[in-house]
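# Breakdown of the fold
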Amino acid sequence: MLVLTRGGYALPGTSTDFKTGTWRTSRPQHQHWAAPCHSACPAGEDAQAYIAQVQENHPREAWETIVTVNPLPSVTGRICPHPCEQACNRGSFDTPLAIHSIERFLGDEARRQGWTYPVDPGRGAGAAVAVVGAGPAGLSAAYHLRRRGYQVTLFDALPEAGGLLRSAIPINRLPRDVLDADITRILGLGIEFRGRTRLGVDVHIDELRSDYRALFLAPGTAKAKAWSVDGAVPTDHRTALELLQEWVAAGSLPTPQSVILHGGGNTALDLCRAMKRAGVKEVHLVTASGLPGPGTEPDDIINVVPRELNQAVEEGITIHPHRTIQRLLFRGSKVVGVEMVALRKLPTKSGRTGRIAFEGTETLLHADMVIPAIGENVEPTGFSTLLGGKEYFRPNNPFGRLDHTPGVFVGGDARGDRGTVSAAIGDGRLAAIAIDAYIRQGDDPEENGRDTIDFAHINLNYFEPAPRVEEPILPVAERTDTAEIDGPLSGAAITREAARCFSCGNCLACDNCWTFCPDNAVIKTTALAKDGSHYVFDYEYCKGCGVCASECPCGYIVMNPE
Amino acid sequence: MTTTDDTAVETSVDTTTDIAARKAALRNRLKDKRGSNEAPARAGTAFSIAELREHQPAFRGLEAGHRACQGCGEALGARLVAESAGPDVILTNATGCLEIFTSPWPQSAWRVPWIHSLFENSAAIAAGVEAAMKHLGKSTKVIAQGGDGGTFDIGFQALSGMLERMHNVLYVCYDNEAYMNTGVQRSGSTPHAAATTTSPAGLERMGKRHLKKDLLSIIAAHHIPYAASASVAYPVDLRRKVRRAMEVEGPTFLQVHCPCPLGWGHESSVTVEVARLAVQTGLFPLVEFERGEVAGVMPLRNPKPVTDYLKLQNRFRHLFSNDPRAREEREHLQALADHTIEKFNLRGEEADPLDSEGADTVRRGGLVA
Ligand SMILES: Cc1cc2nc3c(=O)[nH]c(=O)nc-3n(C[C@H](O)[C@H](O)[C@H](O)COP(=O)(O)OP(=O)(O)OC[C@H]3O[C@@H](n4cnc5c(N)ncnc54)[C@H](O)[C@@H]3O)c2cc1C
Ligand SMILES: Cc1ncc(C[n+]2csc(CCOP(=O)(O)OP(=O)(O)O)c2C)c(N)n1
Ligand code: SF4
Ligand code: SF4
Ligand code: SF4
Ligand code: SF4
Ligand SMILES: [Mg+2]
C-alpha cells in the first residue's frame, strides 16, 4: 500500500494560516479624490461621477447626479464656458473630455424622456423663504430650497423667469424652448413665481424680511458702468447690453457700415456676431484680454465660451487682443474712430496686477459707431441700504450670508466677481444650504474637503489616445438669429466620449488591483464596499508592496505608512 | 510559524482515504470558486473578508499566505498562470523561489495537485505524471514549472528530452533572470551587463560578460506545436497564451518575464512597470512560435529607450557611472534591443489595439480583452 509521510504533503491552500500582513509597513487604501473637473465646476457638478454612470449605461442616474446640484444642465451644457474642460486631466494627454456635450445630452434627454426631478419636498421645515431675481442664481436657490422642503416665493421684475438667459443670451446659442421647458419643470415643483414684481417698487425689503424666514437676493447687474474715454463720451452712445436686449426682444439692431465694440466678455462678442449677421461690414472687438495661445496666461484669456470665439472669428469678426481704447476720434460731435494702444496685465509696484499700456504702440481705427461693453453694476434701487454705496454685494463667505443682516443672503452676478451661469447656479445652491442651516439653527455646512487629484497620479499606460467628439456646428452661411448653431450629439457619440474619461481619483472598476496583487490580497465583491467600490483589501495577507497603487489607472489607491 | 502537528513528522497516513477526502474537500471548495461571484445571500449581514475570499469570480490556484517577497513578479506570474489554467491540472515544480515560497511545510499555497522533487527534473517528473495520466485515461493537463536557472541551465536536458518525446505537457519558465532563491547568482538567462553576486560590476567587468541565452528559439527548434514568451505586465495576453498552450495537444512552452525586486534592485511597487518597460524597450520581446516558426509578435508602438528600463534597477546602476565603459554597455544594450526589434519585426506600423500600448487598455468593468 502506498504511504505518504506527513512531511511529504500539505493540504491545499493551507498557507492562509500564515498572515503575511504582519510584514507590511505601509497599507494600500482607497482614496476618493476630487476630480479636477469637479473642483473646477462653479456649479459644483461632479462630472467624474456622472460620466461614470454614463459609462455604465445609466443615463437617468447620471442626470439625477447632475441635478442634485444643478437643475439646468441643458442650459449649462450649452453656454457654460466649461472651466471643467480646461481643468480636465485628459487635456494633458490628448484632448479634454467634451464634458459640456455629455451634460447637454443628459439635460436634453431628461426633457425628451420626461424624467422628473428627484425632489421630494415633503421633508423639511416647510418655512417660507423669498427669492428675489429669477435668473439662474434665483432659480437654483428656489430649486434647492424646495428640495429641502421650504415654501418658496420667487419674485422678479420681469413677467417671466430666466434673467439674462431669457433677456440677453442670443437664441441661436440658447433656444428658448429649451429654457422654457426647464424653467416650467422647476417651477412645477411647487415654487410660487411672482413676475412683474420689482423689489424697491412693488415690494420692499423690510416687508419681505418680516413675511419670510429668510431671503435670497439675486438681482444680477443691470446698471451699466459709466463709460468715458479720457473724459469724452459720444453723446448718443448705447451700451451693448441694452442693444442686445432690444435685439432679443424685438429683433432690431443698428446697422452702421462699421462698428467698434469695447470689452471682452460674452456681451461684447454676442453683439459683434449679431451685428455682423445683420449686415454690418466691419466689426471690431477691442479687448484688454488675450486670445488663447502660448503667449497668454490662463487668467488673461478672453472670458467667453471657447468655441464661441472660434465661431466669431469664422464669421469675420476682427479681434484686437491686448489693446485698449485711449482716445475717441471725433468729427464735430460725431465719433469717427478710436486710438488703440497695446497693453498687458502685469504685476505693478504695489504687488497687485494692473494693466500697463505701452507708449509707442498707438494705432488708429476708424468706424461709424463705438459701443461700450465694459460691464454692469448692481442697480441699487431697492437695495441701497444693503449695498451701502458699493457697486456690488461683497459677502465674506461662499454662502452669500450678509453680515449685520441676519437671514439675508445674496448670490450670482450681484456679487460682482461671478459672471457665469454656472457660478450663479453654484451660489444659489450654497445659499440654499446655508439658509437651511440658518432656519434650523444649525452650523454652516462643511465644504468639500477632498483634495484634487493631479495628472501625475494617472497611470497613462492604461489609456489609449482617442479623438474627442465635436458637436456638429452650422456652417457660417447657414447661421441665423434663431437656429441653434451647435447641434446635438447622438447617444452613441456620447457613450464613446464618456469612455475616454480617466475616472480621476475614483475607482474605474478596472480589476487591475485584483489582477496584479501578487498576494491575492485584493478581494472583489459584487456587493458595494463601504467606499462605493467593489474591491476590499485583505490586510491579513497584504504585504504592502504597492503594486496595486502603482497600477491603479486612476490614483484611487494610495499607500499610507503604518 | 504555527503548526498544529509539530511533532508528527513521521506519522504515516493512508493516502487512499486521505487523498479521497482531500479531493472531496477540494471539489467543494472549487465548486464555490467556479460558481457565480454573487455574495452569499444573507440579507442585512456584512460579509467577512474570509467569506468573500471564498466567492471570488475567478479560479484561484495559488492562494495568499505564501512567503514571496513584497512585489514578487514570480508570485504574480504563477498566480496568473494557475488562474488561467484552471482547476483540472497537475503541477510540477523545480527547486527555486516559487517552490520554496509556496510550500513552507506543513502548509501549501497551492489549491491544485502540485509536486516538487528536484532542481533539475521538473520536466522529467511532468513527463512521468503525464504518462501516468495517459495510462489512467485521464485528460488532466500537466504543467511543469521552473525558474530560469532550473530551465535555461540545470533542467535543460530534462526539458529538451520531454519536448523531444512530445509529451502533452505545458512547461512554464518563470524568468527572473538569475538564481534568486540562493542569493542572485547569474544564470544563462541573466541579461548582458547585469550585476549579480557571481557577475559583479567592478574593475574587471561591467556586470555579466555574456549574453542572455535565446532559449525560446532553442525550444522552438524542437519543432513543438507552441512556444511563447509573455510578461506579467500584460495579463490579458498572458492568459490567452496559457489557454492556447493548454488547448494544444503535445508539448508547449511559456517563458514568463517576472521582475524580482530583491534580485533586480527595484522598488517592490514598480514590478509591473519594470516588466512593461522590458517589453516596450524591445529587451524582452513577446513572441509566439508554432512548429519552430514565428507565428505572432506583440508589436511595439514607439519603442522606448533602454535606459528607461535600466535606470529603475540597481543591477544596472553601474551603467550610469562616469566610467566610459558604462556608456559603451548602455549603447550595447540599446543595440541588442534594436537588433531584437529588427529580427522579430516588432515595430508596429500604426497604433494597434493589441500592441505594446494598446494591449493593456482598461475600461470600466475590466481590461479590454
Ligand atoms: C449677452 C450675454 C451673454 C452671456 N453669455 C453667457 C454665456 O455664454 N455663458 C455664461 O456662463 N454666462 C453668460 N452670461 C452671463 C450670465 O448670463 C450671468 O452670469 C447670469 O445670468 C447671472 O445670473 P443671475 O441670476 O445672477 O442674474 P440675472 O441673470 O441677471 O438675473 C437677475 C434677475 O433679477 C431680476 N431683478 C433685478 N432686480 C430686481 C428687483 N429689484 N426686483 C425683482 N427682480 C429683480 C431681473 O429681472 C433678472 O431676471 C452672459 C451674459 C450676457 C449679458
Ligand atoms: C542540484 C541542485 N543544485 C543547486 C541547488 C540549490 N538551489 C536551489 S534553488 C536554486 C536557484 C534557483 O534559481 P531559478 O531556477 O532561477 O529560480 P528562482 O529562485 O530564481 O525563481 C539553487 C541554485 C539545488 N537545490 N539543487
Ligand atoms: S478625465 Fe474625466 S474625471 Fe478626469 S478631469 Fe477629465 S472628465 Fe474629470
Ligand atoms: S498589491 Fe497586494 S500586497 Fe501589494 S500593496 Fe496592494 S494589496 Fe497589498
Ligand atoms: S486598480 Fe482599478 S479596480 Fe482597483 S481601485 Fe484602481 S480603478 Fe479600482
Ligand atoms: S527573491 Fe525574487 S523571485 Fe524570490 S521571492 Fe523574492 S522577489 Fe520573488
Ligand atoms: Mg531565477
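Everything in this summary refers to the structure shown in the same document.

Reading guide: rules and limits
Residues numbered from 1 in each chain as written. Chains lettered and ligands numbered in written order. Predicted model: local features only at pLDDT ≥ 70, side-chain atom pairs only at ≥ 80, totals over all residues. Heavy atoms only, no water. Helix = DSSP H or I, 4+ residues; strand = E, 2+ residues; numbered from the N terminus. Polar contact = N/O pair within 3.5 Å; in protein donor to acceptor, adjacent residues only side chain to side chain. Contact = heavy atoms within 4.5 Å. Pairing = 2+ DSSP bridges. Axes fitted to C-alpha atoms, helices over the stretch in contact; angles between N-to-C directions. Buried < 20%, exposed > 50% of the residue type's maximum accessible area, 1.4 Å probe, protein only. Donors = N, O, S within 2.8 Å, 3.2 Å for Na, K, Ca; no water. Buried area = accessible area lost by both parts, 1.4 Å probe. Salt bridge = Lys/Arg side-chain N within 4 Å of Asp/Glu carboxyl O. Nonpolar A, V, L, I, M, F, W, Y, C, P; charged D, E, K, R; others polar.

Right, let's get into the side chain of Lys208(B). All names here are of chain B. Following the sequence through the fold, Lys-208 ends up in the loop between β5 (169-175) and α8 (215-220). A polar side-chain atom of Lys-208 sits 2.6 Å from the main-chain carbonyl oxygen of Thr-190. With residues up to four places along the chain from it excluded, the contact list for Lys-208 reads Arg-186, Ser-187, Gly-188, Ser-189, Thr-190, Pro-191, His-192, Ala-193, Ala-194 and Ser-199.

This part takes up the sheet that holds β5(B). Residues and elements named next belong to chain B. Spatial strand order, β3-β2-β4-β5-β7-β6-β8-β9: eight strands in an open sheet with mixed pairing. A single partner strand is all that each edge strand has here, and the edge strands are β3 (114-116) and β9 (293-297). The sheet shows a mean angle of 20° between the axes of neighbouring strands, direction not considered. Note: strand β6 (residues 226-231) against strand β8 (residues 287-290), two bridges, orientation antiparallel. Pairing of Ala-227 across the sheet is with Phe-289, part of β8.

Residues and elements named next belong to chain A. Burial along strand β6 (residues 214-217) is two-sided: Ala-214 and Phe-216 and Leu-215 and Leu-217, pointing in opposite directions, are all buried. Pairing analysis gives four bridges linking strand β3 (residues 128-132) to β6, with the strands arranged parallel. Its bridge partner being in β6, Val-129 is matched across the sheet by Ala-214. Of the strand pairs in this sheet, β6 and strand β17 (residues 408-410) are connected by three bridges, and their pairing is parallel. When the sheet's bridge partners are listed, Leu-217 is paired in β17 with Val-410.

Moving on to unusual backbone geometry. Between Trp105(B) and Pro106(B) the backbone carries a cis peptide bond, its omega angle lying at 10°. Structurally, Pro106(B) can be placed in the loop between α4 (97-102) and β3.

Let's shift gears to the coordination of the magnesium ion (ligand 7). Residues and elements named next belong to chain B. Looking at the magnesium ion (ligand 7), the protein donor atoms are Asp-148 (OD), Asn-176 (OD1) and Ala-178 (O), and they sit 1.9 to 2.1 Å from it. Of note, the magnesium ion (ligand 7) draws all its donor residues from one chain, in the sequence arrangement D-x27-N-x1-A. With Asp-148 in helix α6 (residues 148-153) and Asn-176 in the loop between β5 and α8, the pair connects residues that are 28 residues apart, well separated along the chain. Taken individually, Asp-148 and Asn-176 each receive the classification buried, so the pair is uniform in this respect.

This part is about the interface of chain B and chain A. In many analyses, interface size is given as the accessible surface area lost on bringing the parts together. Opposite the 68 residues of chain B that make contact, chain A presents 62 residues. Between chain B and chain A, a total of about 5,400 Å² is buried, with carbon and sulfur atoms accounting for 53% of that surface. For the interface between chain B and chain A, the tally reads three salt bridges. We note a salt bridge from Glu551(A) to Arg276(B), for which the minimum N-O separation is 3.1 Å. The tally of links from chain B across to chain A stands at 29 residue pairs in polar contact (both at pLDDT 80 or more). Elements with a minimum of two residues in the side of chain B that touches chain A: β1 (12-14), α1 (15-34), α2 (49-53), α3 (73-85), α9 (235-247), α11 (271-280), β10 (362-363) and β11 (366-367) of chain B. By residue class, the composition of the side of chain B that touches chain A is 27 nonpolar, 20 polar and 21 charged.

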